[in-house]
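Results of the structural survey
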Amino acid sequence: MNILRSALIPLSLLVATGRVVAQHTTADETDIRGTIMTMQGEWNRHDMAAYASHMTDDVEWVNVVGAWWKGKAQLQSTLDRYHKTIFKNRLLHDPTTLGFHEVAPNVIVATVIRATDGYTGSDGKPVPPVSDILTLTFVKHGAGGIWLIAEGHNTSITESVPPKVQ
């Protein structure tokens, strides 16, 4: 009885504070890691149909310059156009950091930091290579438990500037 009580008390505290989150498995991380690496290859081959296939139909994505794309069709068509022009020589490199955080059952946020090649800006000027931090919200779909991206946000990492002291 004491063993049962000691197990239930911490569980009840977790439930009362709303802090119960299921633990994702190593298999989930392996699946998501595989998707991220597959998408990197699809980007580097400029295959935006394959790239977008890893996303929900209603995906929302904020790109590196703050454009907000809504839906898989818009994301795919915009990236397809960019890959024929400004991104035609831009490659993604293997992640230097890859983290996973389960925020709810069947919802995992992946954080990816990787180097990217430069590209040509819409003004025709070269944009130098940078490292990006990419936050991807994966949700598990269907009976087969396929992980798809529902939200994405990409930001270029810049060197921090010390705050101005007044």
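Focus on the overall build of the protein chain
Regarding its fold elements, the protein chain presents 4 helices and 8 strands. Along the protein chain, from the amino end to the carboxyl end, the secondary structure elements read α-α-α-β-β-α-β-β-β-β-β-β. Taken across its 166 residues, the protein chain has 33% of its residues classed as buried. Taking contacts inside the protein chain between residues at least 6 apart in sequence as the whole, the part at least 24 apart equals 52%. Accessible area of the protein chain: about 10300 Å², with a carbon and sulfur share of 59%.

Details of the layout of surface pockets
The volume enclosed by the largest pocket comes to roughly 340 Å³. Contributing to the lining of the largest pocket are 22 residues, with Trp-43, Val-64, Phe-87, Arg-90 and Asn-154 lying nearest its centre. Where the lining of the largest pocket is concerned, the elements lending two or more residues are helix H4 (72-83), strand E4 (107-116) and strand E7 (130-141). At 3 residues, E4 tops the list of elements feeding residues into the lining of the largest pocket. Each residue belonging to the lining of the largest pocket can be placed in one class, and the counts come to 14 nonpolar, 5 polar and 3 charged.

Observations concerning the sheet that holds E4
Strands sit in the order E2-E1-E8-E7-E4-E3 across an open sheet of 6 strands; the sheet is mixed. The open sheet is flanked by strand E2 (68-70) and strand E3 (92-104), the only strands paired with a single partner. Going from strand to strand, the sheet's axes swing by 15 degrees on average, the running direction of each strand aside. Contacts from helix H2 (residues 26-44) reach strand E1 (55-62), E3, E4, E7 and strand E8 (146-157) within the one sheet, and its direction differs from that of E3 by about 140 degrees.

Remarks on empty space enclosed by the protein
Enumeration over the complete set of coordinates arrives at 1 cavity of 30 Å³ or more. Its volume calculated, the largest cavity comes out at about 40 Å³. Every residue lining the largest cavity is listed: Ile-36, Met-39, Gln-40, Tyr-51, Leu-92, Arg-114, Leu-134 and Leu-136. Of all elements in the fold, only H2 and E7 reach the threshold of two or more residues within the lining of the largest cavity. If you tally residues by element for the lining of the largest cavity, the top one is H2, at 3 residues. Of the residues belonging to the lining of the largest cavity, the class tally is 6 nonpolar, 1 polar and 1 charged.

Topic: the environment of Ala-115
Note on placement: Ala-115 falls in strand E4. Expressed as a C-alpha distance, the spacing of Ala-115 and Pro-95, which sit 20 residues apart in the sequence, is 7.3 Å.

Some words on the environment of Thr-96
Tracing the sequence through the fold places Thr-96 in strand E3. On the basis of relative accessibility, which here comes to 65%, the residue Thr-96 falls in the exposed class. In contact with Thr-96, not counting residues within four places along its chain, are Ile-113 and Arg-114.

Remarks on H2
The terminal C-alpha atoms of H2, which comprises 19 residues, lie 27 Å apart, in line with the 27 Å expected from a rise of 1.5 Å per residue. All of the buried residues along H2 are Asp-28, Ile-32, Thr-35, Ile-36, Met-39, Gln-40, Glu-42 and Trp-43. Along the axis of H2, the buried residues cluster in a sector spanning 165 degrees; they form a single face. After H2 finishes, the residue His-46 shows a positive phi value of roughly 65 degrees.

Procedures and definitions
Residues numbered from 1 in each chain as written. Predicted model: local features only at pLDDT ≥ 70, side-chain atom pairs only at ≥ 80, totals over all residues. Heavy atoms only, no water. Helix = DSSP H or I, 4+ residues; strand = E, 2+ residues; numbered from the N terminus. Buried < 20%, exposed > 50% of the residue type's maximum accessible area, 1.4 Å probe, protein only. Contact = heavy atoms within 4.5 Å. Areas by Shrake-Rupley, 256 points an atom, 1.4 Å probe, with all protein chains shown as cover. 1 Å grid on protein atoms, 1.4 Å probe; cavity = no way out; pocket = protein on both sides within 12 Å on 5 of 7 lines; lining within 4 Å. Points joined across faces, edges and corners; volume = space filled by probe spheres on them. Nonpolar A, V, L, I, M, F, W, Y, C, P; charged D, E, K, R; others polar. Pairing = 2+ DSSP bridges. Axes fitted to C-alpha atoms, helices over the stretch in contact; angles between N-to-C directions. Expected span 1.5 Å × (residues − 1). Arc of directions from axis to C-beta.

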